[in-house]
Amino acid sequence: MGSRQTSIRKSQKRSQPISRDLLLWYDRHRRDLPWRAAAGERSDPYAVWLSEIMLQQTTVTAVKPYFERFMARWPGVRDLAAAPLEAVLDQWAGLGYYARARNLHACAIIISRDHDGLFPDNEAALKRLPGIGDYTAAAIAAIAFDRPAAAVDGNVERVISRLYHITQPLPAAKKPIRAQTLALVPDDRPGDFAQALMDLGAVICTPRQPRCPACPWQAHCRAAAKGDAESLPVKAPKKQRPIRHALAFWLEKDGAVFVRRRPAKGLLGGMLEIPTSPWLDTPPLMAEAMAHAPYQAQWSTLPGEVRHVFTHFELLITVLRADQPISAPKDGHWLARDQLDGLPGLMQKIARHALAAQS
DNA sequence: GAAACGTGGCT
DNA sequence: TAGCCAAGTTT
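Residues numbered from 1 in each chain as written. Chains lettered and ligands numbered in written order. Predicted model: local features only at pLDDT ≥ 70, side-chain atom pairs only at ≥ 80, totals over all residues. Heavy atoms only, no water.

## Examining the overall build of chain A
Broken down by element type, chain A carries 15 helices and seven strands. A principal-axis box enclosing the C-alpha atoms of chain A has dimensions of 75 × 50 × 35 Å. Every one of the 359 residues in chain A was classed for burial, and the buried ones make up 48%. Relative to all contacts within chain A whose residues are 6 or more apart in sequence, the contacts with residues 24 or more apart total 70%. Of the roughly 18000 Å² of accessible surface on chain A, 51% is carried by carbon and sulfur atoms. (Helix = DSSP H or I, 4+ residues; strand = E, 2+ residues; numbered from the N terminus. Buried < 20%, exposed > 50% of the residue type's maximum accessible area, 1.4 Å probe, protein only. Contact = heavy atoms within 4.5 Å. Areas by Shrake-Rupley, 256 points an atom, 1.4 Å probe, with all protein chains shown as cover.)

## Points about the pairing of strand β5 (residues 306-309)
By the alternation rule, side chains of β5 split into V306 and H308, which are all buried, and R307 and V309, of which none is buried. Pairing analysis gives four bridges linking β5 to strand β6 (residues 314-322), with the strands arranged antiparallel. Within the sheet, the bridge partner assigned to V306 lies in β6 and is I317. Where β5 folds back on β6, the antiparallel hairpin that results is connected by four residues. (Pairing = 2+ DSSP bridges.)

## A few points about the protein's contact with DNA strand C
Close contacts around DNA strand C come from 26 residues, with Q57, G131, D153, N155 and R158 the closest. Across the atoms of DNA strand C situated within 4 Å of the protein, the share located in sugar and phosphate is 66%. Of the residues that constitute the surface near DNA strand C, the class distribution is nine nonpolar, eight polar and nine charged. (Near = heavy atom within 4 Å. Nonpolar A, V, L, I, M, F, W, Y, C, P; charged D, E, K, R; others polar.)

## Looking at the protein's contact with DNA strand B
Inspection of the region around DNA strand B gives 18 residues, with Y98, L268, T311, H312 and G345 positioned closest. At a separation of 2.6 Å, a phosphate oxygen of DNA strand B approaches a polar backbone atom of L268. At the level of elements, β5 and α15 (345-358) are the ones that each hand at least two residues to the surface near DNA strand B. In terms of residue class, the surface near DNA strand B is made up of nine nonpolar, eight polar and one charged. (Polar contact = N/O pair within 3.5 Å; in protein donor to acceptor, adjacent residues only side chain to side chain.)

## A closer look at helix α9 (residues 134-145)
Taking 1.5 Å per residue as the helical rise, α9 with its twelve residues ought to reach 16 Å, and the 16 Å between its terminal C-alpha atoms agrees with that figure. All of the buried residues along α9 are Y135, T136, A137, A138, A139, I140, A141, A142, I143 and A144. Residues of α9 that are buried make contact with α3 (45-55), α8 (123-127) and α12 (190-203). Just past α9, the residue D146 takes up positive phi, approximately 55°. (Expected span 1.5 Å × (residues − 1).)

## Here's the deal with the UniProt feature "domain: HhH-GPD" (unreviewed entry) in chain A
In this numbering, the UniProt entry assigns the feature "domain: HhH-GPD" (unreviewed entry) to residues 54-203. Split by type, residues 54-203 is 65% helix and 0% strand. Its first and last C-alpha atoms lie 20 Å apart. (UniProt positions renumbered as here; feature names shortened; annotations may be inferred.)

## Quick look at the side chain of R162
Residue placement: R162 occurs in helix α10 (residues 154-163). It turns out R162 is buried and unbridged, and the closest side chain with the opposite charge, E230, is 6.8 Å from it. Among the polar contacts listed, one links the side chain of R162 to the backbone oxygen of T206, at a separation of 2.8 Å. The contact partners of R162, leaving out residues within four places of it in the chain, are C205, T206, P207, P210, C221, R222, A223, A229, E230 and L232. (Lys, Arg positive; Asp, Glu negative; His and termini not counted. Salt bridge = Lys/Arg side-chain N within 4 Å of Asp/Glu carboxyl O.)

## Topic: the domain arrangement of chain A
For chain A, the assigned domains are domain 1 (2-150 + 187-201) and domain 2 (243-358). Each of domain 1 and domain 2 has a C-alpha centre, and the two are 36 Å apart. On the side of domain 2, 15 residues touch domain 1, which itself brings eight residues to the contact. Both sides together, the interface formed by domain 1 and domain 2 hides about 770 Å², and carbon and sulfur atoms give 52% of it. By the criterion of area lost to domain 2, the three top residues of domain 1 are D90, Y98 and R102, representing 55% of everything that side buries. Remark: the boundary between domain 1 and domain 2 carries one salt bridge. When the shortest N-O distance is used, the salt bridge between R261 and D90 registers 3.0 Å. (Domains from an automatic or database assignment. Buried area = accessible area lost by both parts, 1.4 Å probe.)

## Considering the packing of aromatic side chains
If you walk through the whole model with that rule in mind, you get twelve aromatic pairs. Where W279 meets F313, the ring centres are 6.1 Å apart and the plane angle is 55°; that geometry is what we call tilted. Of this pair, W279 sits in the loop between β3 (272-273) and α14 (286-290) while F313 sits in the loop between β5 and β6; the two residues are 34 residues apart in sequence, bridging distant segments of the chain. The structure contains a cluster of three or more aromatic residues connected by ring pairs, namely F249, F258, Y295, W299 and W334. Sitting over the ring of Y66, R69 keeps its end group 4.8 Å from the ring centre. Geometry around F313 places R244 over its ring, the cationic atom sitting 4.2 Å from the centre. (Phe/Tyr/Trp six-rings, centres within 6.5 Å; stacked < 30°, edge-to-face > 60°. Lys NZ or Arg CZ within 6 Å of the ring centre and 35° of its normal.)

## Looking at the packing of α9 against α12
With their axes 7 Å apart at the nearest point, α9 and α12 run at an angle of 130° to one another. Judged by the inter-axis angle, α9 sits oblique to α12. Contacts between α9 and α12 pair Y135, A142 and I143 from the former with P190, G191, A194, Q195 and M198 from the latter. Classifying every residue of the contact of α9 with α12 gives six nonpolar, two polar and no charged. (Axes fitted to C-alpha atoms, helices over the stretch in contact; angles between N-to-C directions. Parallel < 35°, antiparallel > 145°, perpendicular 65-115°, else oblique.)

Next comes the structure, spelled out in structure tokens:
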């Protein structure tokens with residue numbers, strides 16, 4: 001399969017006119033991003049890798065400050081590998097999809113220990129590393145090492161499905177989209193081509209109201225010709241989200257908040273949390289849920305609820321507050337109030353709710 | 001192939 | 001408000 005796709009690409013001319021059109025557009029309109037090397041310069045594989053992991057299912061705007069902080073604190077892969085996992089997780093807090101941070105750390109250790117601190121320069125070896133799948137392996141190979149790889153992310157799926165008017169719904173359409181993308185990758189500047197394709201999807205070939213008149217591929221685009229670009233790509237219908245409920249126990253003393261570390265895997269795995277009762281699919285019965293408080297205290301119920309939407313369910317939290325524990329809290333520690341940015345988004349939301357209620 | 005896995009911005 | 005979407009990977 002892979003060899004067949006490669007033969008398709010190699011059967012093309014060195015650089016097709018359509019691919020060159022995109023590179024010319026990129027030379028004029030490329031975005032200036034913190035992890036992107038200046039035109040014509042080599043990029044740092046560590047920075048490319050770090051940015052690609054952060055950018056998985058995450059917007060450029062959200063990633064920028066995190067990328068800057070990580071690069072400042074851990075400038076190289078060996079620095080990251082030497083850090084405690086907890087430090088990496090706390091620095092990642094708020095970005096979401098925390099398995100990425102766990103895999104990031106695990107990958108840094110493998111690179112440092114088994115690869116002499118150097119990233120592999122080919123897709124196959126990259127894909128064996130934790131947190132690196134089809135897309136990220138291709139992206140790193142192309143961007144960091146200028147290898148002719150097809151980096152197919154959501155942007156590229158959209159651009160290619162419109163260009164060739166692929167109406168088969170995702171994710172089944174991934175195979176033909178990938179084959180078509182690979183056929184377009186030029187031998188010259190494949191790294192720039194990968195980034196150009198993503199920039200095109202992000203800036204011109206947007207999900208809604210694509211700017212077709214400004215597109216370097218307008219003349220080639222089947223969807224533009226038919227005028228139905230916005231209807232592509234076709235996606236499978238989404239399932240509805242169930243609603244779950246819980247109590248949160250906000251315990252504050254001397255300007256510090258009681259927190260604990262969640263189990264290493266699963267939802268918010270390894271992250272700090274404000275203790276909660278179990279998350280159930282029915283509203284909590286107060287007496288029953290309070291039995292799950294991690295300590296005895298004089299609890300008062302704060303008005304309102306905290307609503308948090310996860311990918312596959314929605315959570316409604318009622319916050320209980322106390323100033324002094326009656327029994328000594330166990331399995332946790334006190335966190336200064338100015339360190340609450342080390343909590344995941346849901347927990348920061350609970351904290352804001354509790355702090356707003358007392359002021 | 002389907003489900004688990006976060007979060008914030010935009011319409 | 002509710003739904004959609006963002007440089008996906010793992011199980």
